[in-house]
Amino acid sequence: MERKKSIFWSLLIALAVFLIGYAIRAQRFSREYPYYPGDDLGVYFTPEETRFRIWSPKAEEVLVRIYDQGHEGRQLGIYSMQQDVSGTWILTLRGNYLNRYYTIQARLNGIWNKEVPDPYARAVGVNGNRGMIVDLPATNPPGWDETPRPPLAGFADMVIWEIHLRDFSIHPSSGSSFPGKYLAFTETGTRCPLGSKTGIDHLKELGITHVHLLPVYDFYTVDETRLDEPQFNWGYDPKNYNVPDGSYSTDPFHGHVRINEFKQMVQALHQNGIRVIMDVVYNHMYDARSSSFEQLVPGYFFRMLPDGSYSNGSGCGNETASERDMMRKFMIESIKYWATEYRIDGFRFDLMGLHDIETMNLISQTLHEIDPTIFIYGEGWTAGDSPLPLQRRAVKAHAKKLNNIAVFSDDIRDAIRGHWNELQDPGFMAGHHGLEESIRFGVVASTQHPQINYARVNYSDAPYASSPLQTITYVTCHDNPCLWDKIEYTCQNCTEEEKLDIQKLANAIVLTSQGVPLLHAGEELVRTKYGHHNTYNMPDSINQLVWTNKTRYREVFDYYRDLISLRRNHPAFRMPDAHMVRQHLNFQHINRPGVVGFQISGNANNDPWKDILVYYNGNPEEVSVSLPHGEWVIVATKYSIEEKGSTISGYSGLQMLSTRIPARSILILVDGESI
């Protein structure tokens, strides 16, 4: 006992020392690095002059170098910046410098650091090594100002489709004239060789409301000077946060082209009724030491350990310090820039748990002042430990402290499919028992519900969402095995028909649960990555969407399409607040493992259906369940979805005391009076 007490007090003292050290360091940063409140950091062009302002409080001298090209070329001039207020340096160049390229170079402690674009750079040359002086209004495509965001009544109406930009169109079967480029999202009328719709027409046919693009800002690990060679990366390796990546443009050498083509993409999606979400990675840099942040203000923008090394809560070698005034300012202004200049409709924050709650709430406030329909969500966890105190982190457990910000539900994800990192761990969808309570927790979107036994939920011992709209309900995304491959791992003895049943069941659970549903692109096409589960740098042959699968697995596509239509037509499946969920949704008491059932009653959320019964059967065999008294009409099983009612198994319109749920299937019944 005495030894346990000693260990406890040692840990407590160590924690106190750490927190005191953290507070002392925070005070030092606040004292030694003055906050600049202005909104003019970066480079601003007019035909008469170009103005520069950068923040480098410890610099002894700062130079601006002007070049005629973004790569190689001639140096046209070197100009000294003048020290100004609050740690900033300024320069005004008279004359027209449009489309010239520049670098910033700071001398600190008598040593000249590397040439870099400024952190706020809004245009760059090839590979992002030099900034570009750009006339932003001139990059707008025709009709840009007349293309509004598509209407969105509320976040409950969303269905998100997550895609890597290159995967969307790189396979020849996409029918695209711009494979792997922003402009692939502007094409209509594309078809695969077997005749099925592809591209933007596919998205409209599927019925999703939002496209979530994996990172499309300028990132490191694709060399834009060698795009004729095979290269691939997801883009979670930031270089210049405020510039579209050049590898997805038709010309990465001229900085205005990527801006214009990115805007064309957004415009085309908006014109077709689809909103655009950006995946943003402010939590780390690919190469912290060579970044603009570190070259201009060493040691400020990143969290450091006492030995002077970078903290690695990101798992990528470093992590940024959102709690520091100027990093917080940068994040807020960068996000605001994407929302206004590019009219982005939502932001997904990578490893949001590395950002502090205050910064995330200020971002939310800023975006919702621009447009209250901009959606914000993120990963409510870190990849490792961080010096940022746990109570300040924007993690899943603190979702109730986050204002209008959603978090991913790993609870329902792993309940449906099995553990994310254990490939052969089966989930509910593959017939594994003991996960029913976690499925129920996912059905109510992580909110408080009197029928949930939180002690039996896989990852959460308490509800963390104050509203169902704070929960992203999903089963797979770009990380880890895609759905089909996870099914292959966990149901090796299944026939293809049985695997296709599971492919339907998994997202049937997602699309009939509360919360905001997210689909991994291609699950409606039975996408495979051939067993690979971390494909961030694997070739197109692994990552691409193969559009001929849409014809091969047409029944799966139709099923997903009809599920989305069912959800969008019936607001009972997308209640906007937790009280409404508790009032209208009640779980059935089913004495059978591998089965979850619930009733949504009372025309929930003004649904035209008065009473709805939903059952999930993850078992490999048919099961029977008792029904509440009444006349019930079957509207959905794994075979089809028919909102007007059907004669599936001959049950429609009968007084049923019980019914059978097919193996690996969803079953939805509606009271007869509603049909």
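Read on for an overview of the structure.

Calculation rules
Residues numbered from 1 in each chain as written. Predicted model: local features only at pLDDT ≥ 70, side-chain atom pairs only at ≥ 80, totals over all residues. Heavy atoms only, no water. Core = buried A, V, L, I, M, F, W, Y, C linked by side-chain atoms within 4.5 Å. Buried < 20%, exposed > 50% of the residue type's maximum accessible area, 1.4 Å probe, protein only. Helix = DSSP H or I, 4+ residues; strand = E, 2+ residues; numbered from the N terminus. Contact = heavy atoms within 4.5 Å. Pairing = 2+ DSSP bridges. Disulfide = S-S within 2.5 Å. Phe/Tyr/Trp six-rings, centres within 6.5 Å; stacked < 30°, edge-to-face > 60°. Lys NZ or Arg CZ within 6 Å of the ring centre and 35° of its normal. Expected span 1.5 Å × (residues − 1). Axes fitted to C-alpha atoms, helices over the stretch in contact; angles between N-to-C directions. Parallel < 35°, antiparallel > 145°, perpendicular 65-115°, else oblique. Left-handed = near helix turned anticlockwise from the far one by under 90°. Salt bridge = Lys/Arg side-chain N within 4 Å of Asp/Glu carboxyl O.

### Some remarks on the nonpolar core
Here is step 1: Of all hydrophobic cores here, the largest spans 167 residues; its most connected members are Phe52, Trp161, Val211, Phe262, Phe347, Phe349 and Tyr616.
Here is step 2: If one sorts the elements of this core by residue count, helix H6 (residues 325-341) sits on top with 9 residues.
Here is step 3: Phe52 has contacts with Gly42, Val43, Val64, Ile66, Met81, Trp89, Ile90, Leu91, Leu93, Tyr102, Ile104 and Ile133, leaving out every residue within four places of it along the chain.
Here is step 4: In terms of nonpolar packing, the next biggest core, distinct from the first, is built from 16 residues, Ile160, Ala406, Ile472 and Cys477 among them.

### Observations regarding the pairing of strand E15 (residues 346-349)
Here is step 1: Going residue by residue along E15, you find Gly346 and Arg348 tucked away on one face and Phe347 and Phe349 tucked away on the opposite face as well.
Here is step 2: Both strand E14 (residues 275-280) and E15 contribute to a ladder of 4 bridges, which runs parallel. In the strand pairing of E15, Asp279 is matched with Arg348.

### A closer look at helix H3 (residues 199-206)
Here is step 1: Here H3 lies mainly inside the structure; 6 of its 8 residues are buried.
Here is step 2: Taken as a whole, H3 has its buried residues at Gly199, Ile200, Asp201, His202, Leu203 and Leu206.
Here is step 3: Residues of H3 that are buried in the fold lie against strand E10 (160-163), helix H2 (165-169), strand E11 (210-213), helix H4 (255-271), helix H13 (549-552) and helix H14 (554-569).
Here is step 4: Among the residues trailing H3, Gly207 stands out with phi positive, at a value near 100°.

### Let's talk about the pairing of strand E24 (residues 632-636)
Here is step 1: By the criterion of burial, E24 is predominantly enclosed, with 5 of the 5 residues buried.
Here is step 2: The pairing of E24 with strand E26 (residues 665-671) spans 4 bridges and is antiparallel. Counted as the bridge partner of Trp632 is Asp671 from E26.

### Focus on the sheet that holds strand E6 (residues 88-94)
Here is step 1: The strand order across the open sheet formed by 4 strands is E1-E2-E6-E5, and the pairing between neighbours is antiparallel. Edge positions in the sheet fall to strand E1 (42-45) and strand E5 (82-83), since each of these pairs with one other strand and no more.
Here is step 2: As judged from the 2 bridges shared by E5 and E6, these two strands associate in the antiparallel manner. What sits directly across from Gln83, in E6, is Trp89.

### Quick word on the state of the cysteines
Here is step 1: Taken as a whole and judged by the stated rule, the model has 1 disulfide.
Here is step 2: Here Cys491 engages in a disulfide with Cys494; their sulfurs sit 1.7 Å apart. Considered together, Cys491 and Cys494 belong to a single accessibility category, that of buried residues.
Here is step 3: Looking at Cys316, it has no disulfide partner, and the nearest cysteine sulfur is the one in Cys477, 15 Å off.
Here is step 4: Judged by its relative accessible area of 38%, Cys316 falls in the partly exposed class.
Here is step 5: Unpaired in terms of disulfides, Cys482 finds its nearest cysteine sulfur in Cys477, a separation of 11 Å.
Here is step 6: Using a relative accessible area of 1% as the deciding quantity, one classes Cys482 as buried.

### Here's the deal with the packing of aromatic side chains
Here is step 1: In the structure shown here, the tally under the stated rule is 39 aromatic pairs.
Here is step 2: Their ring planes at 80° and their centres at 6.1 Å tell us that Trp161 and Phe168 sit as a pair that is edge-to-face. Residue Trp161 shares its accessibility class with Phe168, and that shared class is buried.
Here is step 3: Stacked on the ring of Tyr337, the Lys or Arg Arg122 has its end atom at 5.2 Å from the ring centre.
Here is step 4: If you follow Arg130 out to its NZ or CZ, it ends over the ring of Tyr67, 3.7 Å from the centre.

### Overview of helix H7 (residues 357-370)
Here is step 1: The first and last C-alpha atoms of H7 sit 20 Å apart over 14 residues, in line with the 20 Å expected at 1.5 Å per residue.
Here is step 2: Among all positions of H7, only Ile357, Thr359, Met360, Asn361, Ile363, Ser364, Thr366, Leu367 and His368 are buried.
Here is step 3: Close packing links the buried residues of H7 with H6, E15 and strand E16 (375-378).

### Focus on the packing of helix H11 (residues 496-512) against H14
Here is step 1: Between H11 and H14, the least distance of the axes is 10 Å, while the angle of their chain directions is 15°. In terms of orientation, H11 and H14 fall into the roughly parallel class. Relative to H14, H11 is oriented so that their crossing is right-handed. On H14, the residues touching Leu500, Gln503, Lys504, Asn507, Ala508, Val510, Leu511 and Thr512 of H11 are Glu555, Val556, Tyr559, Tyr560, Leu563, Ile564 and Arg567.

### Considerations on unusual backbone geometry
Here is step 1: The backbone of Asn404 shows a phi angle near 55°, a positive value even though the residue is not glycine.
Here is step 2: Within the fold, Asn404 resides in the loop between E16 and strand E17 (406-408).
Here is step 3: The phi dihedral of Asn603 is positive, around 50°, even though this residue is not glycine.
Here is step 4: Its location among the elements puts Asn603 in the loop between strand E21 (595-600) and strand E22 (612-617).

### Quick word on the pattern of salt bridges
Here is step 1: According to the stated counting rule, one finds 47 salt bridges in the structure shown.
Here is step 2: A salt bridge links Arg53 to Asp84; the shortest N-O distance between them is 2.8 Å. Within this pair, whereas Arg53 is found in strand E2 (residues 49-55), its partner Asp84 is found in the loop between E5 and E6, the two being separated by 31 residues in sequence.
Here is step 3: A salt bridge links Arg348 to Asp279; the shortest N-O distance between them is 2.9 Å. With Arg348 in strand E15 and Asp279 in strand E14, this residue pair connects regions lying 69 residues apart in the sequence. Across the pair, Asp279 and Arg348 agree in class, each one buried.
Here is step 4: Each of Glu205, Lys550, Arg554, Asp558, Arg561 and Asp562 takes part in a single network of salt bridges with overlapping partners.

Keep in mind that these numbers describe shape and distance, not what the molecule does.
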